Amino acid sequence: MSIILRILPVLVLLSGFHPAASADHISISNLWISEAPPVARVHAAYLTITNSGSDEIVLQQIDSPAYSRIEIHRSIIVNHRMTMEAHSQISIFPDTTFRFSPGDYHLMLFDPIKPGRAGDKINLIFHFKDDIQFSVSATIRKRENMQ
Amino acid sequence: MTGNSTIRTLTIIITLVAFGAGIGVFSARQKQPVLAPQIQGMLWPNPKILQDFSTTDQNEQEFKLSDLRGKWSFLFFGYTNCPDICPITLAVFKDVYQKLQEQKRSNDVQMIFVSVDPERDSSQQLKDYVAYFNNNFIGLGGSLEQISTLTKQMGIAYYHEEASPEGDYLVGHSASVFLVDPEGRVITIMSAPHTAEEIIEQFSEIRAFISQQTS
Ligand SMILES: [Cu+2]
(Lines give C-alpha, C1' and ligand atoms only; values in the text may rest on other atoms or scores of the structure.)
Protein backbone atom coordinates (compact mmCIF):
# COMPACT_ATOMS: atom_id res chain seq x y z
CA MET A 1 0.00 0.00 0.00
CA SER A 2 2.63 2.50 1.06
CA ILE A 3 4.81 1.58 -1.91
CA ILE A 4 1.95 2.18 -4.33
CA LEU A 5 1.30 5.58 -2.76
CA ARG A 6 4.93 6.47 -3.22
CA ILE A 7 5.06 5.35 -6.84
CA LEU A 8 1.74 6.85 -7.87
CA PRO A 9 2.81 10.51 -8.14
CA VAL A 10 5.75 9.49 -10.31
CA LEU A 11 3.45 7.58 -12.66
CA VAL A 12 1.12 10.54 -12.90
CA LEU A 13 4.06 12.81 -13.68
CA LEU A 14 5.32 10.52 -16.42
CA SER A 15 2.01 9.92 -18.12
CA GLY A 16 0.09 13.17 -17.83
CA PHE A 17 2.09 15.52 -20.05
CA HIS A 18 1.26 16.95 -23.43
CA PRO A 19 4.07 19.45 -23.64
CA ALA A 20 4.46 22.25 -26.14
CA ALA A 21 7.95 21.02 -26.84
CA SER A 22 9.62 17.86 -25.74
CA ALA A 23 12.82 15.89 -25.80
CA ASP A 24 11.28 12.88 -24.09
CA HIS A 25 12.03 13.99 -20.57
CA ILE A 26 12.16 17.76 -21.05
CA SER A 27 9.07 19.84 -21.61
CA ILE A 28 8.66 23.57 -22.01
CA SER A 29 5.22 25.07 -21.54
CA ASN A 30 3.50 28.41 -20.95
CA LEU A 31 6.15 30.27 -22.88
CA TRP A 32 5.16 33.90 -23.35
CA ILE A 33 6.80 37.25 -23.96
CA SER A 34 5.31 40.27 -22.27
CA GLU A 35 4.25 43.02 -24.61
CA ALA A 36 6.46 46.02 -23.92
CA PRO A 37 6.32 49.72 -24.82
CA PRO A 38 7.45 50.05 -28.45
CA VAL A 39 10.56 51.98 -27.36
CA ALA A 40 11.72 49.26 -24.95
CA ARG A 41 15.09 47.80 -25.96
CA VAL A 42 14.62 44.76 -23.73
CA HIS A 43 11.76 42.33 -23.32
CA ALA A 44 11.08 39.58 -20.79
CA ALA A 45 9.89 36.04 -21.42
CA TYR A 46 8.44 33.57 -18.93
CA LEU A 47 7.96 29.81 -19.11
CA THR A 48 7.82 26.52 -17.27
CA ILE A 49 10.36 23.75 -17.76
CA THR A 50 9.66 20.26 -16.48
CA ASN A 51 12.27 17.55 -16.17
CA SER A 52 10.44 14.23 -16.01
CA GLY A 53 13.59 12.19 -16.55
CA SER A 54 15.85 10.56 -14.02
CA ASP A 55 18.86 12.80 -14.65
CA GLU A 56 19.49 16.46 -14.05
CA ILE A 57 19.01 18.68 -17.11
CA VAL A 58 20.87 21.91 -17.73
CA LEU A 59 19.57 24.86 -19.74
CA GLN A 60 22.66 26.53 -21.13
CA GLN A 61 21.61 28.95 -23.82
CA ILE A 62 18.63 30.48 -25.56
CA ASP A 63 18.61 32.36 -28.82
CA SER A 64 16.14 33.75 -31.31
CA PRO A 65 16.25 35.33 -34.74
CA ALA A 66 14.09 38.12 -33.28
CA TYR A 67 16.64 39.29 -30.67
CA SER A 68 20.35 40.06 -30.65
CA ARG A 69 20.87 37.93 -27.52
CA ILE A 70 19.06 36.33 -24.62
CA GLU A 71 20.19 36.04 -21.00
CA ILE A 72 18.83 34.15 -18.00
CA HIS A 73 18.06 36.62 -15.21
CA ARG A 74 16.47 36.71 -11.82
CA SER A 75 14.92 39.83 -10.28
CA ILE A 76 15.96 40.07 -6.68
CA ILE A 77 15.27 42.62 -4.00
CA VAL A 78 18.10 43.32 -1.57
CA ASN A 79 17.60 45.97 1.11
CA HIS A 80 14.55 47.38 -0.68
CA ARG A 81 16.61 47.73 -3.83
CA MET A 82 15.74 45.74 -6.87
CA THR A 83 18.30 44.41 -9.26
CA MET A 84 18.76 41.50 -11.62
CA GLU A 85 21.34 38.79 -11.39
CA ALA A 86 22.46 36.92 -14.48
CA HIS A 87 22.70 33.13 -14.44
CA SER A 88 24.92 31.39 -16.97
CA GLN A 89 22.78 28.23 -16.80
CA ILE A 90 19.89 26.63 -14.95
CA SER A 91 20.06 23.08 -13.60
CA ILE A 92 16.81 21.25 -13.04
CA PHE A 93 16.73 18.11 -10.91
CA PRO A 94 14.85 14.95 -11.95
CA ASP A 95 11.08 15.09 -11.48
CA THR A 96 11.22 18.82 -10.94
CA THR A 97 9.45 21.77 -12.51
CA PHE A 98 11.19 25.10 -12.82
CA ARG A 99 9.20 28.30 -13.37
CA PHE A 100 10.29 31.59 -14.86
CA SER A 101 7.68 34.09 -13.67
CA PRO A 102 7.19 37.87 -13.34
CA GLY A 103 9.26 39.41 -10.57
CA ASP A 104 11.50 36.34 -10.39
CA TYR A 105 13.43 34.31 -12.98
CA HIS A 106 12.95 35.58 -16.52
CA LEU A 107 14.58 35.46 -19.91
CA MET A 108 15.94 38.86 -20.77
CA LEU A 109 15.62 39.47 -24.51
CA PHE A 110 17.89 42.18 -25.91
CA ASP A 111 17.37 44.40 -28.95
CA PRO A 112 14.12 43.21 -30.54
CA ILE A 113 14.23 43.49 -34.31
CA LYS A 114 10.67 44.85 -34.08
CA PRO A 115 8.47 45.90 -31.14
CA GLY A 116 5.95 43.07 -31.43
CA ARG A 117 2.28 43.32 -30.47
CA ALA A 118 0.14 41.07 -28.33
CA GLY A 119 -0.76 37.97 -30.33
CA ASP A 120 2.48 37.86 -32.34
CA LYS A 121 4.47 34.63 -32.28
CA ILE A 122 8.23 34.51 -31.90
CA ASN A 123 10.49 31.48 -32.03
CA LEU A 124 13.00 30.84 -29.25
CA ILE A 125 15.59 28.08 -29.45
CA PHE A 126 16.51 26.38 -26.19
CA HIS A 127 19.88 24.68 -25.85
CA PHE A 128 20.31 22.12 -23.10
CA LYS A 129 23.43 20.23 -22.09
CA ASP A 130 24.19 17.06 -24.13
CA ASP A 131 23.25 18.79 -27.38
CA ILE A 132 19.55 18.72 -26.73
CA GLN A 133 17.83 21.63 -28.37
CA PHE A 134 14.45 22.56 -29.63
CA SER A 135 12.57 25.50 -30.94
CA VAL A 136 9.47 26.73 -29.16
CA SER A 137 7.01 29.35 -30.33
CA ALA A 138 6.34 32.11 -27.81
CA THR A 139 3.21 34.24 -27.87
CA ILE A 140 3.40 37.93 -27.01
CA ARG A 141 0.86 38.80 -24.32
CA LYS A 142 -0.11 41.91 -22.42
CA ARG A 143 0.73 41.91 -18.74
CA GLU A 144 -2.26 41.52 -16.48
CA ASN A 145 -2.26 42.96 -12.99
CA MET A 146 0.75 41.53 -11.11
CA GLN A 147 2.30 39.83 -14.13
CA MET B 1 -0.25 63.47 67.75
CA THR B 2 -2.49 60.73 66.29
CA GLY B 3 -4.85 63.38 64.83
CA ASN B 4 -1.93 65.07 63.09
CA SER B 5 -0.65 61.89 61.55
CA THR B 6 -4.15 60.98 60.32
CA ILE B 7 -4.43 64.34 58.55
CA ARG B 8 -0.98 63.87 57.07
CA THR B 9 -1.89 60.39 55.78
CA LEU B 10 -5.16 61.72 54.35
CA THR B 11 -3.31 64.54 52.59
CA ILE B 12 -0.91 62.07 51.03
CA ILE B 13 -3.78 59.83 49.86
CA ILE B 14 -5.71 62.76 48.40
CA THR B 15 -2.58 63.99 46.63
CA LEU B 16 -1.93 60.53 45.21
CA VAL B 17 -5.53 60.15 44.03
CA ALA B 18 -5.47 63.61 42.43
CA PHE B 19 -2.16 62.79 40.75
CA GLY B 20 -3.54 59.50 39.49
CA ALA B 21 -6.62 61.22 38.11
CA GLY B 22 -4.35 63.73 36.44
CA ILE B 23 -2.50 60.95 34.67
CA GLY B 24 -5.85 59.55 33.60
CA VAL B 25 -6.96 62.83 32.09
CA PHE B 26 -3.58 63.32 30.47
CA SER B 27 -3.58 59.91 28.82
CA ALA B 28 -7.19 60.37 27.71
CA ARG B 29 -6.12 63.58 25.92
CA GLN B 30 -3.22 61.79 24.28
CA LYS B 31 -5.58 59.23 22.83
CA GLN B 32 -8.00 61.74 21.35
CA PRO B 33 -6.39 62.38 17.91
CA VAL B 34 -7.32 59.84 15.23
CA LEU B 35 -4.60 57.26 14.99
CA ALA B 36 -2.68 56.98 11.76
CA PRO B 37 -3.78 53.96 9.72
CA GLN B 38 -1.72 50.88 10.50
CA ILE B 39 -0.08 50.69 7.11
CA GLN B 40 3.34 49.24 6.61
CA GLY B 41 5.70 51.98 5.44
CA MET B 42 3.55 54.84 6.78
CA LEU B 43 5.84 57.68 7.85
CA TRP B 44 3.25 59.54 9.95
CA PRO B 45 3.75 61.39 12.31
CA ASN B 46 7.11 62.15 10.72
CA PRO B 47 6.53 62.50 6.99
CA LYS B 48 9.52 63.43 4.86
CA ILE B 49 9.02 67.06 3.86
CA LEU B 50 10.44 67.54 0.37
CA GLN B 51 12.56 70.55 -0.52
CA ASP B 52 12.65 71.99 -4.02
CA PHE B 53 14.19 69.87 -6.76
CA SER B 54 14.62 70.24 -10.50
CA THR B 55 14.00 67.50 -13.05
CA THR B 56 12.85 67.42 -16.69
CA ASP B 57 9.56 65.87 -17.69
CA GLN B 58 8.70 63.87 -20.81
CA ASN B 59 7.80 67.09 -22.66
CA GLU B 60 11.18 68.63 -21.82
CA GLN B 61 9.58 70.99 -19.32
CA GLU B 62 11.07 71.59 -15.89
CA PHE B 63 9.32 69.57 -13.18
CA LYS B 64 9.86 70.76 -9.61
CA LEU B 65 8.42 70.65 -6.13
CA SER B 66 5.57 73.03 -7.02
CA ASP B 67 4.40 70.46 -9.58
CA LEU B 68 3.74 68.01 -6.76
CA ARG B 69 1.68 70.51 -4.77
CA GLY B 70 -2.08 70.20 -4.82
CA LYS B 71 -1.92 66.60 -6.00
CA TRP B 72 -1.41 63.16 -4.61
CA SER B 73 1.61 61.73 -6.39
CA PHE B 74 2.65 58.10 -6.72
CA LEU B 75 6.33 57.81 -7.62
CA PHE B 76 8.29 54.83 -8.85
CA PHE B 77 11.99 54.91 -9.68
CA GLY B 78 13.27 52.73 -12.51
CA TYR B 79 14.55 52.76 -16.08
CA THR B 80 13.20 51.83 -19.47
CA ASN B 81 15.76 49.06 -20.05
CA CYS B 82 14.39 47.18 -17.05
CA PRO B 83 12.14 44.46 -18.50
CA ASP B 84 10.62 42.83 -15.43
CA ILE B 85 10.02 44.83 -12.23
CA CYS B 86 9.53 48.23 -13.92
CA PRO B 87 6.79 47.22 -16.38
CA ILE B 88 5.19 45.08 -13.66
CA THR B 89 4.95 48.12 -11.39
CA LEU B 90 3.81 50.44 -14.18
CA ALA B 91 1.13 47.93 -15.15
CA VAL B 92 -0.06 48.14 -11.52
CA PHE B 93 0.05 51.97 -11.77
CA LYS B 94 -2.07 51.71 -14.92
CA ASP B 95 -4.63 49.63 -13.04
CA VAL B 96 -4.64 51.91 -10.00
CA TYR B 97 -5.13 55.00 -12.14
CA GLN B 98 -7.84 53.40 -14.27
CA LYS B 99 -9.79 52.31 -11.20
CA LEU B 100 -9.47 55.78 -9.65
CA GLN B 101 -10.70 57.26 -12.93
CA GLU B 102 -13.71 54.95 -12.88
CA GLN B 103 -14.44 56.09 -9.33
CA LYS B 104 -13.95 59.73 -10.40
CA ARG B 105 -11.12 60.10 -7.90
CA SER B 106 -8.21 60.60 -10.29
CA ASN B 107 -8.43 64.39 -10.78
CA ASP B 108 -5.88 65.19 -8.09
CA VAL B 109 -3.75 62.09 -8.59
CA GLN B 110 -0.60 61.80 -10.69
CA MET B 111 1.49 58.74 -11.48
CA ILE B 112 5.18 59.46 -11.95
CA PHE B 113 7.98 57.27 -13.30
CA VAL B 114 11.40 58.69 -12.43
CA SER B 115 14.35 57.43 -14.48
CA VAL B 116 17.46 56.51 -12.53
CA ASP B 117 19.18 56.01 -15.89
CA PRO B 118 18.58 59.44 -17.45
CA GLU B 119 21.65 59.16 -19.68
CA ARG B 120 19.95 56.44 -21.72
CA ASP B 121 16.37 57.54 -21.05
CA SER B 122 15.84 60.68 -23.12
CA SER B 123 12.69 62.76 -22.72
CA GLN B 124 11.34 61.28 -25.95
CA GLN B 125 12.13 57.75 -24.78
CA LEU B 126 10.38 58.42 -21.46
CA LYS B 127 7.42 60.00 -23.21
CA ASP B 128 6.82 56.97 -25.42
CA TYR B 129 7.49 54.60 -22.54
CA VAL B 130 5.00 56.04 -20.03
CA ALA B 131 2.40 56.75 -22.72
CA TYR B 132 2.28 53.01 -23.45
CA PHE B 133 0.80 52.57 -19.95
CA ASN B 134 -1.28 55.75 -19.77
CA ASN B 135 -1.22 59.05 -21.64
CA ASN B 136 -1.54 60.97 -18.37
CA PHE B 137 1.53 59.40 -16.77
CA ILE B 138 4.55 61.58 -16.13
CA GLY B 139 8.12 60.49 -16.93
CA LEU B 140 10.92 62.39 -15.21
CA GLY B 141 14.51 62.52 -16.37
CA GLY B 142 17.18 65.13 -16.99
CA SER B 143 20.84 64.89 -16.04
CA LEU B 144 22.02 62.51 -13.31
CA GLU B 145 22.71 65.60 -11.23
CA GLN B 146 19.16 66.83 -11.70
CA ILE B 147 17.67 63.47 -10.80
CA SER B 148 19.77 63.37 -7.65
CA THR B 149 18.08 66.58 -6.41
CA LEU B 150 15.01 64.37 -5.96
CA THR B 151 16.45 60.92 -5.25
CA LYS B 152 18.81 62.11 -2.51
CA GLN B 153 15.96 63.67 -0.56
CA MET B 154 13.86 60.54 -0.87
CA GLY B 155 16.68 58.29 0.19
CA ILE B 156 16.63 56.46 -3.15
CA ALA B 157 19.85 54.55 -3.53
CA TYR B 158 20.66 53.28 -6.98
CA TYR B 159 23.80 52.14 -8.68
CA HIS B 160 24.86 51.44 -12.22
CA GLU B 161 26.40 48.01 -12.54
CA GLU B 162 29.37 47.17 -14.69
CA ALA B 163 28.60 47.15 -18.42
CA SER B 164 28.56 43.88 -20.38
CA PRO B 165 30.82 43.46 -23.46
CA GLU B 166 27.81 44.58 -25.51
CA GLY B 167 27.69 47.85 -23.56
CA ASP B 168 24.51 47.04 -21.67
CA TYR B 169 24.39 47.66 -17.98
CA LEU B 170 21.85 47.02 -15.26
CA VAL B 171 20.73 49.56 -12.69
CA GLY B 172 19.87 48.52 -9.16
CA HIS B 173 17.10 50.69 -7.80
CA SER B 174 14.34 51.01 -5.24
CA ALA B 175 11.41 48.67 -5.72
CA SER B 176 9.12 50.76 -3.50
CA VAL B 177 6.27 53.07 -4.45
CA PHE B 178 6.36 56.47 -2.77
CA LEU B 179 3.18 58.38 -2.01
CA VAL B 180 3.56 62.17 -1.73
CA ASP B 181 0.64 64.26 -0.42
CA PRO B 182 -0.55 67.60 -1.85
CA GLU B 183 1.70 69.43 0.65
CA GLY B 184 4.81 67.81 -0.79
CA ARG B 185 5.30 65.38 2.07
CA VAL B 186 6.30 61.74 1.57
CA ILE B 187 3.55 60.01 3.57
CA THR B 188 4.11 56.33 2.78
CA ILE B 189 6.74 54.11 1.25
CA MET B 190 5.02 50.99 -0.07
CA SER B 191 7.30 47.97 -0.45
CA ALA B 192 7.11 45.52 -3.35
CA PRO B 193 5.38 43.41 -4.44
CA HIS B 194 2.48 45.71 -5.23
CA THR B 195 -1.11 45.04 -6.21
CA ALA B 196 -3.53 47.65 -7.50
CA GLU B 197 -6.19 46.64 -4.94
CA GLU B 198 -3.82 47.07 -2.01
CA ILE B 199 -2.52 50.42 -3.22
CA ILE B 200 -6.04 51.79 -3.73
CA GLU B 201 -7.18 50.59 -0.32
CA GLN B 202 -4.16 52.08 1.44
CA PHE B 203 -4.50 55.29 -0.53
CA SER B 204 -8.16 55.69 0.53
CA GLU B 205 -7.26 55.19 4.20
CA ILE B 206 -4.31 57.56 4.06
CA ARG B 207 -6.27 60.21 2.24
CA ALA B 208 -9.10 60.10 4.76
CA PHE B 209 -6.62 60.28 7.61
CA ILE B 210 -4.63 63.23 6.23
CA SER B 211 -7.79 65.24 5.51
CA GLN B 212 -8.80 64.75 9.18
CA GLN B 213 -5.43 66.09 10.28
CA THR B 214 -5.77 69.31 8.33
CA SER B 215 -9.48 70.04 8.83
CU1 LIG C 1 16.59 40.91 -16.62
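Residues numbered from 1 in each chain as written. Chains lettered and ligands numbered in written order. Predicted model: local features only at pLDDT ≥ 70, side-chain atom pairs only at ≥ 80, totals over all residues. Heavy atoms only, no water.

Novice: Whenever I open this one, helix α2 (residues 85-102) of chain B confuses me. Can you help?
Specialist: In an α-helix, one turn spans 3.6 residues, which is why side chains three or four residues apart end up on the same side. Residues and elements named next belong to chain B. Between its first and last C-alpha, α2 extends 26 Å over 18 residues, near the 26 Å set by a 1.5 Å rise per residue. Extensive coverage of α2 is indicated by the burial of 13 of its 18 residues. At the C-terminal side of α2, Lys104 shows a positive phi close to 55 degrees. (Helix = DSSP H or I, 4+ residues; strand = E, 2+ residues; numbered from the N terminus. Expected span 1.5 Å × (residues − 1). Buried < 20%, exposed > 50% of the residue type's maximum accessible area, 1.4 Å probe, protein only.)

Novice: Can you help me understand the coordination of the copper ion in this one?
Specialist: Perfect tetrahedral coordination of a metal by four donors corresponds to 109.5 degrees between them, and perfect octahedral coordination by six donors corresponds to 90 or 180 degrees. Residues and elements named next belong to chain A. Every protein donor of the copper ion is accounted for by His73 (ND1), Met84 (SD), His106 (NE2) and Met108 (SD), and the metal-donor separations fall at 2.2 to 2.4 Å. Geometry at the copper ion is tetrahedral, judged from the four donor atoms that bind it and their angles of 93 to 126 degrees at the metal. Between consecutive donor residues of the copper ion, the sequence gaps follow H-x10-M-x21-H-x1-M. Within this pair, whereas His73 is found in strand β5 (residues 67-78), its partner His106 is found in strand β9 (residues 105-112), the two being separated by 33 residues in sequence. For the pair shown, His73 and His106 are each scored as buried. (Donors = N, O, S within 2.8 Å, 3.2 Å for Na, K, Ca; no water. Tetrahedral: all angles 85-135°; square planar, octahedral: opposite > 155°, others 65-115°.)

Novice: How should the nonpolar core be read in this particular structure?
Specialist: A general tendency of soluble globular proteins is for nonpolar side chains to be buried together. Within the largest apolar cluster, 63 residues are counted, with the highest numbers of intra-cluster contacts made by B:Phe74, B:Leu75, B:Phe77 and B:Met154. In this structure, B:Phe77 is in contact with B:Val114, B:Val116, B:Leu150, B:Thr151, B:Met154, B:Ile156, B:His173, B:Ser174 and B:Phe178, ignoring residues within four places of it in sequence. Among the nonpolar cores identified, the runner-up in size contains 31 residues, and A:Leu59, A:Phe98, A:Leu124 and A:Phe128 belong to it. (Core = buried A, V, L, I, M, F, W, Y, C linked by side-chain atoms within 4.5 Å. Contact = heavy atoms within 4.5 Å.)

Novice: So what exactly am I meant to see when it comes to a negative patch on the surface here?
Specialist: Residue and element names in this part refer to chain A. Among the surface-exposed residues, Asp55, Glu56, Asp130 and Asp131 lie close enough to one another that they form a single negatively charged patch. By the secondary structure assignment, Asp55 is in the loop between β3 (42-51) and β4 (57-63). Look at Asp55 and you get exposed, because its relative accessible area is 55%. (Patch = residues over 30% accessible without salt bridge, like charges linked within 9 Å, V, L, I, M, F, W, Y side chains within 5 Å. Areas by Shrake-Rupley, 256 points an atom, 1.4 Å probe, with all protein chains shown as cover. Salt bridge = Lys/Arg side-chain N within 4 Å of Asp/Glu carboxyl O. Lys, Arg positive; Asp, Glu negative; His and termini not counted. Charge placed at Lys NZ, Arg CZ, Asp CG, Glu CD.)

Novice: What's the story with the environment of B:Cys82 in this structure? I'm lost.
Specialist: For B:Cys82, the location among the structural elements is in the loop between β4 (72-78) and α2. Along the chain, B:Cys82 and B:Leu170 lie 88 residues apart, while their C-alpha atoms are 7.7 Å from each other. Apart from residues lying up to four places away in sequence, B:Cys82 is in contact with A:Val42, A:Met82, B:Pro87, B:Tyr129 and B:His173.

Novice: Would you take a moment to explain the environment of B:Met190 for this structure?
Specialist: Among the structural elements, B:Met190 can be located in strand β10 (residues 185-190). For B:Met190 and B:Val177, which are 13 residues apart along the polypeptide, the C-alpha to C-alpha distance reads 5.0 Å.

Novice: Explanation requested: the interface of chain B and chain A in the structure shown.
Specialist: Taken together, the 39 residues of chain B in the interface contact 31 residues of chain A. Of the roughly 2600 Å² buried at the junction of chain B and chain A (both faces included), carbon and sulfur atoms supply 59%. When residues of chain B are sorted by the area they lose upon contact with chain A, B:Pro83, B:Asp84 and B:Tyr132 head the list and together hold 24% of the total. With its nearest N and O atoms 2.9 Å apart, the salt bridge here joins A:Arg69 to B:Asp168. Here chain B and chain A share eight residue pairs in polar contact (both at pLDDT 80 or more) between them. For the side of chain B that touches chain A, the secondary-structure elements that each account for two or more residues are α2, α3 (123-133), β8 (171-174) and α5 (196-214) of chain B. Sorting elements by how many residues they give to the side of chain B that touches chain A places α2(B) first, with six residues. Its residues placed into classes, the side of chain B that touches chain A shows 20 nonpolar, eleven polar and eight charged. (Buried area = accessible area lost by both parts, 1.4 Å probe. Polar contact = N/O pair within 3.5 Å; in protein donor to acceptor, adjacent residues only side chain to side chain. Nonpolar A, V, L, I, M, F, W, Y, C, P; charged D, E, K, R; others polar.)

Novice: It is not clear to me how the sheet that holds strand β1 (residues 48-49) of chain B should be interpreted in this structure. Could you clarify?
Specialist: In a beta sheet, neighbouring strands are held together by backbone hydrogen bonds and run either parallel or antiparallel to one another. Residue and element names in this part refer to chain B. An order of β1-β10-β9-β4-β5-β6 is seen for the six strands of this open sheet, with the pairing classed as mixed. Only two strands of the sheet have a single partner each, and these edge strands are β1 and β6 (138-140). Both strand β9 (residues 177-180) and β10 contribute to a ladder of four bridges, which runs antiparallel. When the sheet's bridge partners are listed, Val177 is paired in β10 with Met190. (Pairing = 2+ DSSP bridges.)

Novice: Where do I start with the pairing of β10(B) in this structure?
Specialist: The two faces of the sheet receive side chains in turn, since in a regular strand these alternate between them. Residues and elements named next belong to chain B. Most of β10 sits inside the fold, with five of its six residues counted as buried. In this structure, β1 lies alongside β10, joined through two bridges in antiparallel fashion. For Ile49, the partnering residue across the bridge sits in β10 and is Arg185. In sequence, β9 turns back onto β10 through a hairpin of four residues, with Gly184 there showing a positive phi of about 80 degrees.

Novice: Any chance you could explain the pattern of salt bridges here in plain terms?
Specialist: Side-chain pairing between opposite charges can occur once the charged atoms of the two side chains come close. All told, the structure shown has 14 salt bridges over all chains when counted by the stated rule. For B:Asp117, the salt bridge goes to B:Arg120, with nearest N and O atoms at 2.6 Å. Bridged by salt links that share partners, the residues A:Arg41, A:Arg69, A:Glu71, A:Asp111 and B:Asp168 form one connected network.

Novice: Please clarify how the packing of aromatic side chains should be interpreted in this entry.
Specialist: Working definition: an aromatic ring pair is given by the centre-to-centre distance plus the angle between the planes. Throughout the structure, instances matching the rule amount to 15 aromatic pairs over all chains. Taking the centre distance of 4.9 Å and the plane angle of 65 degrees together, the rings of A:Phe98 and A:Tyr105 count as edge-to-face. The buried category is assigned to A:Phe98, whose relative accessible area is 16%. On the basis of an interplanar angle of 75 degrees and a centroid distance of 5.5 Å, the ring pair of B:Trp72 and B:Phe203 is categorised as edge-to-face. (Phe/Tyr/Trp six-rings, centres within 6.5 Å; stacked < 30°, edge-to-face > 60°.)

Any functional reading would require information beyond the geometric quantities listed.
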